[in-house]
Amino acid sequence: MDYIKEFEELLSNSTKEANEASTLEELANVRIKYLSKKGLISVMINKIREVEDKKAFGEAFKNCKDSLEAILNSKQEVFQKAKINEELLKEKIDITLNGRDFHEGNINPFFKIIREIEDIFIGMGYTIEDGPEVEKDHYNFELLNIPSDHPARDMQDSFYIDETTLLRTHTSPVQARVMEKNQNKPVKIICPGKVFRRDDDDMTHSHQFAQVEGLVIDKNINMGNLKATLELFVKKMFGEKREIRLRSSYFPFTEPSVEVDISCMNCNGKGCSMCKGTGWIEILGAGMVNPKVLEMSGYDSNVYSGFAFGIGIERVAMLRYGIDDIRRFYQNDIRFLNSFVKKVED
Ligand code: DAH
């Protein structure tokens, strides 16, 4: 029964060595030493020839071999896991992508000016109106005291859809529409919008541009109200230092009519190339609503009076931001729009 002891010894030695192994390699060496073909446990099988109870020997052999194998396997698993974890830690891969650049949008200078104009007038109690861009001759001309044979029509030739329908040449038809809607009630509105004219396209002219129409109707409205309103608008838009000047002019729908100039922001009124040496820059047309226009739209001109004005939006934007060519507003050139952002924030 010596072999039992031998097996016990082999198992205890090999187990001890396995427990002492601290790397996979050392563990593999233990396996080779005891369980390879010529390993110390494997070769024990040869002794089976010398024993009588071959079954008991076989069992003891198997038991010894299986026990060591189990120990080696479990330890190997622990080592492998540790090794994998160690490798994983070392091989940490950054799977995130760089963030994408975020391009912040900004408001186009054209719309920025419209918003500013709206804010100024809303602050004075005005409401915003809208009107059609495809307009009837009736509103665009007739109700504004520009009958079909009137020479003022020549200045506002436009794109006709048919005999009586055209792309509106100014925002003034909104005056007639608003009066028609309000019938003998006070009115205080502005209306920004696109207008169209047959025109050469150059640095200061475009076949399409934009205006803001203003209309105030109430009892006892006078020229002083108009002047005070426009002065306030100009100071808010171009700075407190700006002065205004009213020059007498002519529009069929206003009586009296004026052109409004502001003191040049470039030379402060001294005279420079921007104001052509005059110290003044023209920015809008205005006047007291012609009583004929009030009457045509159903207002009693003995009770009501009003003033109106029409401002060129691009012109205001060009003066405000120092833009040299009206066509830049429509070309959608990103370089222009980007350079403008800096300019506004300066
Ligand atoms: N409609 C005029 C134009 O396009 C501008 C204008 C002048 C509008 C005087 C008005 C006004 O309301 O009172 O040239």
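This structure is a prediction, so every number in the text was calculated from the model and none was measured.

### Some thoughts on the overall build of the protein chain
And then number 1: In terms of regular secondary structure, the protein chain is built from 12 helices and 10 strands.
And then number 2: For the protein chain, whose C-alpha radius of gyration is 47 Å, the value lies well above the compact-globule estimate of 20 Å for 346 residues.
And then number 3: Counting only C-alpha atoms, the protein chain reaches 140 × 45 × 40 Å along its principal axes.
And then number 4: When each of the 346 residues of the protein chain is scored for burial, the buried share is 41%.
And then number 5: The contacts of the protein chain with a sequence gap of at least 6 include a subset with a gap of at least 24, amounting to 66%.
And then number 6: A gap of 5 Å separates the mean positions of the 48 positive and 57 negative side-chain charges of the protein chain.

### Structural notes on the layout of surface pockets
And then number 1: What the second largest pocket holds in volume is close to 170 Å³.
And then number 2: Listed by contribution, the elements that provide at least two residues to the lining of the second largest pocket are α4 (109-123), β6 (208-218) and α11 (328-331).
And then number 3: In terms of residue class, the lining of the second largest pocket is built from 6 nonpolar, 4 polar and 2 charged.

Scoring rules and cut-offs
- Residues numbered from 1 in each chain as written.
- Predicted model: local features only at pLDDT ≥ 70, side-chain atom pairs only at ≥ 80, totals over all residues.
- Heavy atoms only, no water.
- Helix = DSSP H or I, 4+ residues; strand = E, 2+ residues; numbered from the N terminus.
- Rg over C-alpha atoms; globule rule 2.2 N^0.38 Å.
- Buried < 20%, exposed > 50% of the residue type's maximum accessible area, 1.4 Å probe, protein only.
- Contact = heavy atoms within 4.5 Å.
- Lys, Arg positive; Asp, Glu negative; His and termini not counted.
- Charge placed at Lys NZ, Arg CZ, Asp CG, Glu CD.
- 1 Å grid on protein atoms, 1.4 Å probe; cavity = no way out; pocket = protein on both sides within 12 Å on 5 of 7 lines; lining within 4 Å.
- Points joined across faces, edges and corners; volume = space filled by probe spheres on them.
- Nonpolar A, V, L, I, M, F, W, Y, C, P; charged D, E, K, R; others polar.

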